[in-house]
Amino acid sequence: MASPKALREWIMLFAIFTLRSVEARAVDLAYKSGTLFTYKYNVDLLLETLSSPETLPGSGFRIEAIVGLHVVWENSSNQHEQLVQLQIQEVQLLNVSERMDSQSIFKNIPAESLLGPTAMTGLKGPVIFHWNNGKIDVSGNCRVTYETANNQVTKIKDLRSCERPESGFGSSNQVLGVQWQPTCKGLYSLENGVIKTAVSEEGHVISLNLQSTIGAKISSRQQLHYLSSEHRPEEYYGKSLQETLHNLGIDTPLALTGTPEKVPCKVCTSASDYLKSLNKKTALQDLYKISTTRTFLAFVQLLREAKKIDILNLLKKAGNTEISFLIDSATAAQTESSLSALSEYLDFTKEAQIPQLRTFLYASAFTSHPSKELLRILLAKLQNKVPSREIQETIVLVIGAVIGKMCQRNLCKLQEVETGKKAILEGLNAATEEADIKMYLLALKNALLPETIPLLLKYTKWKTSSVAAIAVTVLQRFPNIYITQEVKKQMNMIFHQSVNQYGVPVRLAAFDVILNNHPSAMEMKNILLSVGEIESELSKFIVAKLQNILRSDHHPASKLIRKALKDPMIHNYHRLSRTGSSSSSSGYLAVTKDMVTSYNMDLLFGDSGILQQSYSDFFVSTGKNKLHASQVSIVAQGLDSFFKESSKEVEGDDGEAMAGMSVILFDVQLPPVVFFQGYSDLMEKLWSITEEPTSIIKGSILLIDHLQAIRLQSGIQASTEFQGGLGIDISGTIALSLWSQQSTTNIRNRGSLVFNSVTKVDTPFLRVGVNCSSEAGASLDFVSTVKFLESPILICLQLLKKPFPYRETVMIYQSLRKEDQFLIKRARTLRVQGMELPLHRANSEMCKKMLSEEV
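Residues numbered from 1 in each chain as written. Predicted model: local features only at pLDDT ≥ 70, side-chain atom pairs only at ≥ 80, totals over all residues. Heavy atoms only, no water.

**A short note on the pattern of salt bridges**
Opposite charge on two side chains makes pairing possible when the charged atoms of those side chains draw close.
Phase 1: Per the stated rule, a full pass over the model turns up 25 salt bridges.
Phase 2: Of the charged contacts, one joins R750 and D729 as a salt bridge, the two residues approaching to 3.4 Å between their closest N and O atoms. With R750 in strand β19 (residues 742-762) and D729 in strand β18 (residues 717-737), this pair connects stretches of sequence that are 21 residues apart.
Phase 3: On the accessibility criterion, R750 (23% relative accessible area) is partly exposed. (Salt bridge = Lys/Arg side-chain N within 4 Å of Asp/Glu carboxyl O. Helix = DSSP H or I, 4+ residues; strand = E, 2+ residues; numbered from the N terminus. Buried < 20%, exposed > 50% of the residue type's maximum accessible area, 1.4 Å probe, protein only.)

Listed below in structure tokens is the structure:
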């Protein structure tokens, strides 16, 4: 039970709701000294689940109190500035709604018996607040609308506009964020400057953007009724406000918008004890399992309460089976203690720690709300000597990702962010090696700084296609408000090769920028006229891409394409009937009332039938917000000669045989991977291929992390916390048969997603709350089978979604003490069926042919 002092602080906020924000001068509201005013005050508080509010009871309480009010000091030159004393005379705790005796924790028991004599004494202690022109606002500085008529005041407060010190955090990307929908309205009746009746109602609906059933609704209703007034002798405490406060023994006034005391845990478990209780072989190895992700979320919460020395000891003592899990968890915790412990434990000069360093850097890149402390650590590590080229490159890209996320949260002007920007730009300007130029450009791809667009345009004209391609892909990611006419002009010059010759990846990236940023009618016409004039496979791909867009009315270019196709010079068999294997397809993985998960798959072949470029993109959209969940891009060049005795080189390509992969995961560009560079490297890799899976990325990610304090108009504080954990394991296998000249590649994506939400009110004597969770484990395989024996080369693509379980749980609780608790828990489980997702007709026909031959 909290101290009487804490109770007095809470009741001060609780009892003054009607008196704080009515414009006193507008309605002539003024309490006179020498009079004791007595009111009856009721407050109802109810927390409800969003998943099934009609079938599940809410959690809450009603407090009925008799409150005495009198003025202890008044400014002689301003009667609307006063010190007002409030004191609870009687109080009763009740159920907010009808409930059976077996479900009631109050059971008509007197408040003193429920709370105890010490707490009751503290609750009835006097509270004094400073009332200046009718303004005492626990919500902060807010935009309020008043309507006055016949001694009545209607007040509507825009709670979204309230300015107050931040006491929480949220996601940089709103797809992974939380929607807060508040309402607040009050009606006051006055007589001779004294409130006679007052009613205030407010509601807060807090839900996950990805799944609106995860969250809660908070409803609060307050009523104040005038009972009586009686004369009492005036008491003199001082002439000035400061003198009066001193004489009353108040040396440190409390700010109403301050953060309340944290309620201590009742059953406390340390992070160390929790880790010891786990079976490391089963709980931490399979990161894609639901149970592991659930463990990860629980452990992150415990680490947020841990001291630096305790976290550091855990890291130092961790074995190989748990160190990656510990680093993921400590990075996700994002506390000064956890980051400081990681900084001390990780040694960026030791090659033996490269796997741990990689884990830390990836976890830093994926954190939903990176802090300036994290950025400061990354910058410090970059300034020191980093012998590993891989780790150095990863640090630079992660710094870019952290800067980008901080700028999304309007933190771009922080000194640490400015220092990070400077480090990237100075590094780019000083770079002489092509590898370094690419590294810093990829960092800018993550940072996405509009002021760097002129610099990026410079690099789109670079002498090598690989550098120019990266610069154009950075421009691809900017919102269309930043794609100026100058940018579009340069993209058109690249695509049509007006001045210089460019490789296919650069031209396709430029084509994408034009297409997705409100192209003009002339730009659209010129693109269509180029079909048939450029390479056969590139023409085939462009036609496929435009046909794919025409299937959707939502794309900004669809109307222009239809308009351009009315021209017989464009819409004719010769131009649009292109032969080849290149393709573009899109579709939906999942569609719910809250979000859409879609995919795009683009394949571009060379004229000799060899795959030159492939893109697999997955997007998640909620309303107007979009998240690039993943992209796997594979680029190959210079391979035609391995399969054709004579082949025409693609103009603008850099020549040397190579293949590589680029990955974007949750809007973060990861360091690219080179499969091979040159003929000898290719042959070495071919002979060393095994069918064992190769890990691409593996870890636990805190995708959603939202904490919000909601100060209700009664002064009661509610809090809501959302967490979303992702356990991910992406691996790849390659099976190659030189005898049958066939290869099969399988990119397996296994993962589990767990959402938790906790909405609660913790007072010094009562706890109520609604907890919701949902969890699912899924697997998605992208299988590509290639037969080199025939000409043209045959290729079959399969996107296989396996069946997976889904579980949703709701818990509603209400308790005074540990032994006096009301609890309801409901759960439902279903199984989502698997399927093979359809791509495009040509691929389906090819797969049918190839798979039937195998049978």
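**Observations concerning a nonpolar patch on the surface**
Phase 1: A contiguous nonpolar patch, built from L686, W687, I734 and L736 and spanning about 390 Å² of accessible area, is present on the exposed surface.
Phase 2: Where the nonpolar patch is concerned, the elements lending two or more residues are α26 (679-687) and β18.
Phase 3: Inspection of the secondary structure assignment puts L736 in strand β18. (Patch = residues over 30% accessible without salt bridge, like charges linked within 9 Å, V, L, I, M, F, W, Y side chains within 5 Å. Areas by Shrake-Rupley, 256 points an atom, 1.4 Å probe, with all protein chains shown as cover.)

**Description of the state of the cysteines**
Phase 1: Throughout the structure, instances matching the rule amount to three disulfides.
Phase 2: Shown here is the disulfide that connects C142 with C162, its sulfur atoms set 2.0 Å apart. Its S-S torsion of about 115 degrees marks the bond between C142 and C162 as right-handed, since a negative value means left-handed. Taken as a pair, C142 in strand β5 (residues 141-149) and C162 in strand β6 (residues 152-163) lie far apart in primary sequence, 20 residues in all.
Phase 3: Exposure remark for C142: the relative accessible area of 16% places this residue in the buried category.
Phase 4: C162 sits in the buried class, given a relative accessible area of 18%.
Phase 5: Note on cysteine connectivity: C407 is disulfide-linked to C412, with sulfurs 2.0 Å apart. (Disulfide = S-S within 2.5 Å.)

**Digging into helix α13 (residues 372-383)**
Phase 1: In this model α13 runs 17 Å from its N-terminal to its C-terminal C-alpha over 12 residues, within 8% of the 16 Å that 1.5 Å per residue would give.
Phase 2: For α13, the secondary structure elements touched by its buried residues are α11 (336-345), α12 (354-366), α14 (389-408) and α15 (415-430). (Expected span 1.5 Å × (residues − 1). Contact = heavy atoms within 4.5 Å.)

**Focus on the packing of aromatic side chains**
Phase 1: As enumerated under the stated definition, the model contains 10 aromatic pairs in all.
Phase 2: Centroid distance Y39 to Y226: 5.9 Å. Interplanar angle 75 degrees. Geometry classified as edge-to-face. With Y39 in strand β1 (residues 35-49) and Y226 in strand β9 (residues 215-231), this residue pair connects regions lying 187 residues apart in the sequence.
Phase 3: Three or more aromatic residues joined by ring pairs make a cluster, and in this case those are Y274, F296, F299 and F325. (Phe/Tyr/Trp six-rings, centres within 6.5 Å; stacked < 30°, edge-to-face > 60°.)

**Let's talk about the pairing of strand β8 (residues 194-208)**
Where a strand is regular, its side chains alternate between the two sheet faces.
Phase 1: Two strands pair when backbone bridges link them, and strand β7 (residues 178-191) and β8 are joined in this way by 14 bridges, in the antiparallel orientation. Considered in β8, the bridge of L187 is made with V199.
Phase 2: Connecting the antiparallel pair β7 and β8 is a turn made up of two residues, with N192 showing a positive phi of about 55 degrees.
Phase 3: Strand direction decides the pairing type here: β8 and β9, joined by 11 bridges, are antiparallel. In the strand pairing of β9, S200 is matched with Q222.
Phase 4: The turn joining β8 and β9, which pair antiparallel and follow one another in sequence, is formed by six residues. (Pairing = 2+ DSSP bridges.)

**A word on the sheet that holds strand β2 (residues 59-75)**
Phase 1: Spatially, nine strands are ordered β4-β3-β2-β1-β9-β8-β7-β6-β5 in an open sheet, and the strand pairing comes out antiparallel. Looking at strand neighbours, the two that pair on one side only are β4 (127-132) and β5, the edges of this open sheet. Averaged over neighbouring strand pairs, the angle between their axes works out to 20 degrees when direction is ignored.
Phase 2: Across 15 bridges, β1 lies against β9 in antiparallel orientation. By the bridge assignment, L46 is partnered in β9 with S219. (Axes fitted to C-alpha atoms, helices over the stretch in contact; angles between N-to-C directions.)

**A short note on the side chain of T367**
Phase 1: With respect to the helices and strands, the residue T367 is situated in the loop between α12 and α13.
Phase 2: Excluding its chain neighbours within four sequence positions, the residues that come into contact with T367 are Q334, L374 and K405.

**With respect to helix α10 (residues 323-333)**
Phase 1: With 10 of 11 residues buried, α10 lies mostly within the body of the structure.
Phase 2: Of the positions making up α10, those classed as buried are I323, F325, L326, I327, D328, S329, A330, T331, A332 and A333.
Phase 3: The secondary structure elements touched by the buried residues of α10 are α6 (271-276), α8 (290-303), α9 (308-317), α11, α12 and β17 (694-711).
Phase 4: Of the residues one or two after α10, Q334 is the one with positive phi, at around 55 degrees.

**Quick word on unusual backbone geometry**
Phase 1: Unusually for a residue other than glycine, N151 sits at a positive phi of about 60 degrees.
Phase 2: Within the secondary structure layout, N151 lies in the loop between β5 and β6.
Phase 3: At N410, a residue that is not glycine, the phi angle is positive and equals roughly 60 degrees.
Phase 4: Positionally, N410 belongs in the loop between α14 and α15.

**A closer look at the packing of α11 against α13**
Phase 1: Across the interface, α11 lies against α13 with an axial gap of 10 Å and an inter-helix angle of 15 degrees. When the axis of α11 is compared with that of α13, the two are roughly parallel. α13 is crossed by α11, and the crossing has right-handed handedness. On α13, the residues that touch E336, L339 and S343 of α11 are E373, L374, I377 and K381.
Phase 2: Across the contact of α11 with α13, the residue classes break down as three nonpolar, one polar and three charged. (Parallel < 35°, antiparallel > 145°, perpendicular 65-115°, else oblique. Left-handed = near helix turned anticlockwise from the far one by under 90°. Nonpolar A, V, L, I, M, F, W, Y, C, P; charged D, E, K, R; others polar.)

**Examining the environment of F755**
Phase 1: Summarising the element assignment, F755 is placed in strand β19.
Phase 2: A residue is classified by how much of its surface remains accessible, and F755, at 7% relative accessible area, is buried.
Phase 3: Distance in space between the C-alpha atoms of F755 and L208 is 9.0 Å, their sequence separation being 547 residues.

**Quick notes on the confidence of the model for the protein chain**
Phase 1: Averaged over every residue, the pLDDT of the protein chain is 84; residues scoring 70 or more account for 89%.
Phase 2: Note that residues 1-23 has pLDDT below 50 and, in this model, 89 contacts with residues that lie over four places away or in other chains.
Phase 3: In this model, residues 645-653 is a region of pLDDT below 50 whose contacts with residues beyond four sequence positions or in other chains number 16 contacts. (pLDDT = per-residue confidence, 0-100.)

**Points about the pairing of strand β3 (residues 78-94)**
Phase 1: Within β3, 12 of the 17 residues are buried, which leaves it mostly tucked inside the rest of the structure.
Phase 2: Looking at chain direction, β2 and β3 are connected through 13 bridges and run antiparallel. Along β3, the bridge assignment pairs R62 with L94.
Phase 3: Here β2 hands over to β3 after two residues, the two strands then running antiparallel side by side.
Phase 4: When β3 meets β4, the two strands line up antiparallel, connected through six bridges. Bridge pairing in β4 places V84 opposite F129.

**Describing the packing of α9 against α10**
Phase 1: Direction vectors running N to C along α9 and α10 enclose 155 degrees, while the axes themselves pass 9 Å from each other. The angle between α9 and α10 falls in the class roughly antiparallel. Handedness of the α9/α10 crossing: left-handed. Mapping the contact onto sequence places I311, L314 and L315 in α9 and I323, L326, I327 and A330 in α10.
Phase 2: Here the residues of the contact of α9 with α10 sort into seven nonpolar, no polar and no charged.

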